[in-house]
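Chain and residue survey
If you want the building blocks of each chain, they are given just below.
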Amino acid sequence: PTSAQVSAVPQPGRFRYTLDNDVLTTEQRQFYEDNGYLLIKKLISDEDIERFRKEFVRICKKEVKPLGAMIMKDESLRSQYGQSEKVVNKVQDFQEDEELFRYCTLPEVLKYVECFTGPNIMAMHTMLINKLPDSDKQTFLHPMHQDLHYFPFRPADRIVCAWTAMERADQHNGCLVVQPGTHQETLKPHGYPKWEGKTNKLFHGLLDEDERSPRVHLVMEKGDTVFFHPLLIHGSGINKTAGFRKSISCHFASSECYYIDVKNTTQEDLEKELVEMVHKKYDATSVELKVSLGLCALCYHSRQFPF
């Protein structure tokens, strides 16, 4: 529990995606209701971001090895850069890393999260993204997608992502791109994009994307944080710079959320792919997308953390 100042029941007729609270203004609530995201400027301090950055470098150098974390790399760069941040694209499921997991417990983050989930909060999925410079052979562009595709729990309206820029993010280094209002749509079929070059594992995108739908590039400064709905269609552009665009994020959910069976749904193929990955990595014989209420949707040894 974080406070008793949020009603866990949405206000009928006016607000569906936010709960009554004393944090968001009426204008902020209405903006999220209409658009599916809300950007809060300078929410996270430079000091905290620097601590997260240092811990990420330590993980890249294998000075620390967080239990259960998935370290995603561009193996083609290892011979050139060795064990460094120039190779690691993402640290996923960092819940066992005490320093990085501090992000999920920051009071300034949780006071906003509570406005969408209610006071009893679970951290369901964590990522520190280090968007590498794109090349002719490998792109780190993430196609337009809906995060709910990866999550076998509901209701969607009580799930929210907090995504913080660790440095300026703009169209040059591949900032987030959102399609406002698409959180009001249903979960759509996803798969791998049909483009030239290598595609990243689990970087699924919409199979039938509406190119005419308006898009907004979220230009963000260091410490800016965007909160968005899991059905909001979004992605990230190409990193045209020689630098690395870092961000840290967590998907939070109400403790009242429940798991669903994804059989015969648009998420079934994702489950099959994940099961195959777990079989290869852990020699597991029996795994499903939902293992228990205490497991994360993408990593089978993650925990949920009620605060």
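The structure contained in this document is the topic of the report that follows. Remember, it's a predicted structure, so these values are computed and weren't measured experimentally. For every chain, the first residue of the written sequence is number 1, and numbering continues from 1 onward in sequence order. Reporting of local features is limited, given that this is a predicted model, to residues whose pLDDT is at least 70; pairs of side-chain atoms are given and counted only at 80 or more, and all residues count toward the totals for whole chains, interfaces and linings. Hydrogens are left out, water is left out, and the side-chain values use all remaining heavy atoms of the structure.

1. Describing the pattern of salt bridges
In what follows, salt bridge is the name for a side-chain nitrogen of Lys or Arg lying within 4 Å of a carboxyl oxygen of Asp or Glu. In total, this model carries 18 salt bridges according to the counting rule given. With its nearest N and O atoms 2.8 Å apart, the salt bridge here joins Arg 16 to Asp 157. Remark: Asp 157 occurs in the loop between β6 (153-154) and β7 (159-165) and Arg 16 occurs in the segment before α1 (26-35); sequence separation between them is 141 residues. Taking relative accessible area as the criterion, Arg 16 reaches 48% and is therefore assigned partly exposed. Between Asp 48 and Arg 102 there is a salt bridge, and its shortest N-O distance comes to 2.9 Å. Taken together, the residues span a long stretch of sequence, with Asp 48 in helix α2 (residues 46-60) and Arg 102 in the loop between α4 (98-101) and α5 (107-117) at a distance of 54 residues. Note on exposure labels: buried denotes an accessible area under 20% of the residue type's maximum, exposed denotes more than 50%, and partly exposed covers the range between, all computed with a 1.4 Å probe on protein chains only. Taking relative accessible area as the criterion, Asp 48 reaches 10% and is therefore assigned buried. In this structure, a network of salt bridges that share partners links the residues Asp 48, Arg 51, Glu 99 and Arg 102. Secondary structure elements follow DSSP: runs of H or I of four or more residues count as helices, runs of E of two or more count as strands, with numbering from the N terminus.

2. Points about α1
Because each turn of an α-helix spans 3.6 residues, side chains separated by three or four positions end up pointing in the same direction. Among the residues making up α1, those that are buried are Arg 29, Tyr 32, Glu 33 and Asn 35. A contact between two residues is defined here by any heavy atoms of the two lying within 4.5 Å. Looking at the buried residues of α1, the elements they touch are β1 (37-40), α5, β7 and β12 (225-228).

3. Section: the sheet that holds β12
Two strands make a pair as long as DSSP finds a minimum of two bridges between them. Strand order in this open sheet of seven strands is β1-β12-β7-β14-β4-β3-β2, and the pairing throughout is antiparallel. Sheet topology places β1 and β2 (70-73) at the edges, where each strand pairs with a single neighbour. Each strand axis lies, on average, 15° off the axis of its neighbour in the sheet, ignoring direction. With three bridges connecting them, strand β3 (residues 88-92) and strand β4 (residues 121-131) associate as antiparallel partners. Bridge pairing in β4 places Lys 90 opposite Ile 129. Working convention: axes come from line fits to C-alpha atoms, limited for helices to the stretch in contact. Angles between N-to-C directions cover 0 to 180 degrees.

4. Things to note about the sheet that holds strand β5 (residues 142-145)
Adjacent strands of a sheet pair through backbone hydrogen bonds, lying either parallel or antiparallel. Taken in spatial order, the four strands make up an open sheet running β5-β13-β8-β11, and their pairing is antiparallel. Each having just a single partner strand, β5 and β11 (216-217) make up the two edges of the open sheet. Across two bridges, strand β8 (residues 176-178) lies against β11 in antiparallel orientation. The residue of β11 that forms the bridge with Val 178 is Val 216.

5. Considerations on the nonpolar core
Among buried residues, the Ala, Val, Leu, Ile, Met, Phe, Trp, Tyr and Cys ones that are joined through side-chain atoms within 4.5 Å form a nonpolar core. In terms of nonpolar packing, the biggest core is built from 38 residues, with Tyr 103, Cys 104, Val 109, Phe 227, Ile 248 and Phe 252 touching the most fellow members. Those elements that provide at least two residues to this core are β1, α2, β3, α4, α5, β4, β7 and β14 (245-254). With six residues, the top contributor of residues to this core is α5. For Val 109, the residues in contact, after removing those within four places along its chain, are Leu 43, Ile 44, Tyr 103, Ala 162, Phe 227 and Phe 252. Listed in part, the 16 residues of the second largest apolar core include Met 122, Leu 187, Leu 202 and Cys 257.

6. Digging into unusual backbone geometry
Cis geometry is found at the peptide bond from Arg 154 to Pro 155, where omega equals 5°. Summarising the element assignment, Pro 155 is placed in the loop between β6 and β7. At Lys 42, a residue that is not glycine, the phi angle is positive and equals roughly 45°. By secondary structure assignment, the location of Lys 42 is in the loop between β1 and α2. If you check the backbone angles, Asp 93 has positive phi at about 60° while not being a glycine. Mapped onto the fold, Asp 93 is located in the loop between β3 and α4. By relative accessible area, Asp 93 is classed as buried at 0%.

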